[in-house]
Amino acid sequence: MSEKQYRHIGKSPLRMEAREKVTGRATYTFDMELPGMLYAKCVHSPYARAEIVAIDTSAAKALPGVKAVLTGEDIPYLLGLYMIDKRVLARGKVRYQGEPVVAVAAVDEETAERALTLVKIEYKELPSVMTIDAALEGKILVHEDINELEYIKGVFFPQPDSNIASWNKTIKGDIKKGFAEADLIVENELTLPPVAHVPMETHVSIAQADPYSNQVRIWTSTQSPFGVRQLLAKALGISKGDIQVMAPYVGGGFGGKAGIHLEPLVAILSRACKGRPVKLTATREEEFNQLPCRAGMRGRVKTGVKKDGKITAVEIYYDWDSGAYADYGVNIGRSAIYSGAGPYEIPNIELHSRTLYTNKVFSTAYRGFGHLETHWIIERQMDLVAQALGIDPYEFRMKNILRAGSLTISGEHINEHSGRPDKCLEAVVREIGWTGYHSAAERQAAIKTGKVRGKGIACLQKAPAMPSNTSTSAIMQMDEDGNVRIMVGAVDMGQGSNTVMAQIAAEALDMPLEKVKVVWENDTDRHPYDWSTVASKYTFMGGNAVKRCAQNMLKQMKEIAAQVLRCPAEELTHGNEAIYHIQHTHKRLSYQNLAMGYTYENGNGIGGPLIAHGVYMAEGLTYLDPDTGQGLPALDWTFGAHGVEIEVDLETGEVGVIKIASAFDIGQAINKKLVEGQIIGGVVQGIGSALVETFKFSADGRLLNPSFTDNKIPTAKDIPTEIVPIIVENPQTDGPFGARGIGEHPMISVPSVIANALYDALGINFYNLPMSPENVALAIAKENI
């Protein structure tokens, strides 16, 4: 634990917006109604891949109350984050079942729904690409124009005449030499399916376009208001200054609301409707079937080790089933090449990460940004190698874990301030009472009871996956009564970031937390810039910007007070809402006396209203070498570990989590209650990926489970009997008060640790997710347990 005592840091005040949310006063985009507003609906493709032969919208246009009907032929624009490959509406061809083909705007949703039934579309169904192997084979191209697509060169590497949207790689050391030195080589293949984000508030956007200019106003449930502005401006060929994006309260995101989604369509529909506001709200089925998901993935891993457990070489191929469009998928694939081998020191490694186009709903960022997926492969492989060696998986991990002096697979030096994965692993091992695998005799004795228990461990790591020049900013104003208002560019979608920023500001200014307010409802016309609320980067980056902002305000107050108190500003300090002399402490001025400037007794005034700013740009990061993957991509690392005890019902195959301990080295907890909330929520979400969540597709590419009827997520009854959050604090010297991020990390390696515990309980290794009751029961039956 950190020894330094703080006034606000490390405490657990309630979230600033809690009362508004629980009383229903918080306004979400879903709740908004504007005068004259129209409502949009879409016709979706019934085919995974098909040619659009003809579209007849005449009957829909003639329906009273319909104000616009658009097809892809009406919208020439292309969209994309890193590869410009997606149309607002399908044009000429559809690439996944559920892709929007026709959009309608009408006076109410009922009329819009009726209009959809009047649209006639003739398709010519085409063979589709539905598997990773078919994508790699490349006989059918999802994007025949892949060679002409615009993309960020030097960062992503689409392969000509293929379905490979990007092929990224890391090469460190001499892999042939490493395998030659190995006493044992273990190879495995593991998979996991696509899953949905399932935010409480589905995607929803409202746009109002000025019919006489390029100006457009957008209200949207987004994690990236500035990203929406940038991407929309590029797509429409207009200035960013013409676009105003507002994000009211956001009902969850989990990565699915990063980037740009419904906003272009509603903006174009509003312009077609002569400037009337248009609202498009995704149904839950559209959330599953039209809007992006987490990618499926196959990992093939080969590990060489010495008899004592020291890793000599690793070879990995990650193949991402990223769906019909690249979106964030290519960047997820890129992040795997510097983080996809786990928190271990590996002298020789070759890691290939291929993001593939298929004819499925496209993928995007999802909590963990590919790390749950890669750690499913790596942390299972660590146990599988330990089994092959006949050594304790705890000892095997500790022999290879990153420590001060280690090099990551991209060549970054780990030091004493980088975090301690070993301490996280030690903490969870101690908490669950890990003593090694059960023996075969112990398993057999337990099987007679009909329910068996097992324990497992797993490690994890993640750094923010973001551009090397990512930046953020903050503005702070002091009111006449000495209260402070802060404006930031990030979106608080339930993670509590605004509360954390208030705590950092109150600590830096040494004032009561209740006198600090973070302005809600982000607005790109008014709020300062932030790249995007993703990557678990905001506590670190936003916290540094807010801290610098507070320091800038203190500097202004000291400069004014120095004139009044007739001393150098360097001899002034602050505390308890006052600026005072370091020696003669009775010489002081309250913040309130300086807020609007200072007025002398004769009426002369100096200074003026206090307005401060602070910025933070990621420091010291570099591009990755395109041939070797070497470079400095990580702003900071958050390391962690899970330890779990499970119980398996041998008759039903149901897996119950009795206890899970989750430890994370976050440098310094800003708000302990919020950290614990992130850990508990992330663990439960990880259990969903482990045990129940999956997309199921027919052979011809139709999503078979686009609703909660048969696409389940965890509920309250699935929460483990005991969740033990463990906070490890080895401060990050360049973090705000030593802090690192924690938002995504808790769900990473949860599937792995449960699978490892299943082996301990049953002696059965699982290689594919989810480990549903059906799949576990089938495995038990196969082994005649």
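Higher on the page you've got the structure.
Overview of the structure. (Residues numbered from 1 in each chain as written. Predicted model: local features only at pLDDT ≥ 70, side-chain atom pairs only at ≥ 80, totals over all residues. Heavy atoms only, no water.)

### Details of helix α7 (residues 263–272)
Most of α7 is tucked away: 8 of the 10 residues are buried. Backbone geometry just after α7 places K274 at a positive phi near 60 degrees. (Buried < 20%, exposed > 50% of the residue type's maximum accessible area, 1.4 Å probe, protein only. Helix = DSSP H or I, 4+ residues; strand = E, 2+ residues; numbered from the N terminus.)

### Points about the sheet that holds strand β19 (residues 349–356)
Pairing between the strands of a sheet comes from backbone hydrogen bonds, and it takes one of two forms, parallel or antiparallel. Spatially, the 5 strands line up as an open sheet ordered β11-β19-β18-β17-β12, and their pairing is mixed. With one partner strand each, in any of the chains shown, β11 (164–172) and β12 (184–192) form the two edges of the open sheet. This sheet shows a mean twist of 10 degrees between the axes of neighbouring strands, independent of strand direction. Looking at chain direction, β11 and β19 are connected through 8 bridges and run antiparallel. By the bridge assignment for β19, T170 is matched with L351. This element, helix α9 (residues 329–339), spans β11, β18 (311–321) and β19 of the sheet and lies at about 175 degrees to β19. Sitting on the sheet, helix α10 (residues 371–389) touches β12, β17 (296–305) and β18, and the angle it makes with β12 is about 145 degrees. (Pairing = 2+ DSSP bridges. Axes fitted to C-alpha atoms, helices over the stretch in contact; angles between N-to-C directions. Contact = heavy atoms within 4.5 Å.)

### With respect to the nonpolar core
Counting residues in hydrophobic clusters, the biggest one holds 215 residues, and the most contacted among them are M476, V648, I754, L762 and M771. It is helix α15 (residues 538–565) that provides the largest number of residues to this core, a total of 15 residues. Not counting residues within four places of it along the chain, the set of residues in contact with M476 comprises V484, R485, I486, A505, L509, V546, C549, A550, M553, L610, I611 and A612. One finds A60, L63, A90 and V119 within the second-largest nonpolar core, a separate group that totals 18 residues. (Core = buried A, V, L, I, M, F, W, Y, C linked by side-chain atoms within 4.5 Å.)

### Quick word on the packing of α10 against helix α18 (residues 750–762)
Packing of α10 against α18 leaves a shortest axis separation of 8 Å and a crossing angle of 25 degrees. With respect to their mutual orientation, α10 and α18 come out roughly parallel. Taken as a pair, α10 and α18 cross one another with a handedness that is right-handed. Contact residues: α10 offers L372, H375, W376, E379, R380, D383 and Q387, while α18 offers P751, S752, A755, N756 and Y759. (Parallel < 35°, antiparallel > 145°, perpendicular 65-115°, else oblique. Left-handed = near helix turned anticlockwise from the far one by under 90°.)

### Some thoughts on the environment of I175
Considering the arrangement of structural elements, one finds I175 in helix α5 (residues 175–181). Look at I175 and you get buried, because its relative accessible area is 13%. The sequence separation of I175 and G259 amounts to 84 residues, and the corresponding C-alpha distance is 37 Å. For I175, the contacting residues outside a window of four places in its chain are A313, V314, E315, N348, I349 and E350.

### Here's the deal with the sheet that holds strand β32 (residues 655–665)
Reading across the sheet, the 4 strands line up as β20-β31-β32-β33 and stay open at both edges, with mixed pairing between neighbours. For this open sheet the edge positions go to β20 (451–462) and β33 (722–728), each flanked by a neighbour on one side alone. Shown here is a sheet whose adjacent strand axes are inclined to one another by a mean of 10 degrees, direction ignored. By the bridge criterion, 10 bridges tie strand β31 (residues 638–649) to β32 in an arrangement that is antiparallel. Opposite E645, over in β32, you have K659 as the bridge partner.

### Structural notes on unusual backbone geometry
Between L769 and P770 the backbone carries a cis peptide bond, its omega angle lying at 0 degrees. The residue P770 is located in the loop between α18 and α19 (773–782) in this model. One non-glycine residue with positive phi stands out, namely D327, at about 40 degrees. For D327, the location among the structural elements is in the loop between β18 and α9. Unlike most non-glycine residues, N784 shows phi in positive territory, near 55 degrees. One can find N784 in the segment after α19.

### Here we look at the pattern of salt bridges
Any two side chains of opposite charge can pair, given that their charged atoms come close. Going through the model one piece at a time under the given rule, you end up with 34 salt bridges. Close ionic contact of E426 with K423 constitutes a salt bridge, the shortest N to O distance being 3.7 Å. Note that E426 and K423 are positioned in helix α12 (residues 421–432) at a spacing of 3 residues, about one turn of the helix. Three or more residues are tied together by salt bridges with common partners; here these are D133, R298, D319 and R354. (Salt bridge = Lys/Arg side-chain N within 4 Å of Asp/Glu carboxyl O.)

### Observations concerning the state of the cysteines
Any covalent bond linking the sulfur atoms of two cysteines counts as a disulfide. Tallied over the entire structure, the rule returns 0 disulfides. Free of any disulfide, C42 has its nearest neighbouring cysteine sulfur in C273, separated by 13 Å. For the unlinked cysteine C424, the closest cysteine sulfur is that of C459, found at 8.2 Å. Residue class for C424 comes out buried when judged on its relative accessible area of 0%. (Disulfide = S-S within 2.5 Å.)

### Description of the packing of aromatic side chains
Summed over the entire model, instances satisfying the criterion amount to 20 aromatic pairs. Centre to centre, the rings of Y47 and Y123 are 5.4 Å apart; their planes meet at 75 degrees, and the pair counts as edge-to-face. Taken together, the residues span a long stretch of sequence, with Y47 in the loop between β1 (38–44) and β2 (50–56) and Y123 in strand β9 (residues 120–125) at a distance of 76 residues. For Y47, a relative accessible area of 27% corresponds to the partly exposed category. By relative accessible area, Y123 is classed as buried at 18%. A centroid spacing of 6.3 Å and a plane angle of 55 degrees characterise the contact between Y318 and W320, whose relative ring orientation is tilted. For the pair formed by Y318 and W320, the shared burial category is buried. Grouped by ring-pair contacts, the aromatic residues Y82, F156, Y328 and F369 constitute a single cluster. When the ring centre of F30 is taken as origin, the NZ or CZ atom of K279, which lies over that ring, is 5.8 Å away. Above the ring of W167, the side-chain terminus of R354 is found at 4.9 Å from the ring centroid. (Phe/Tyr/Trp six-rings, centres within 6.5 Å; stacked < 30°, edge-to-face > 60°. Lys NZ or Arg CZ within 6 Å of the ring centre and 35° of its normal.)

### Notes on the environment of T131
As for its position among the elements, T131 is in the loop between β9 and α4 (132–137). When its relative accessible area of 41% is taken as the criterion, T131 is described as partly exposed. Counting along the chain gives 505 residues from T131 to D636, while the straight-line C-alpha distance between them is 35 Å.

Shape is all these values report; function is a separate question.
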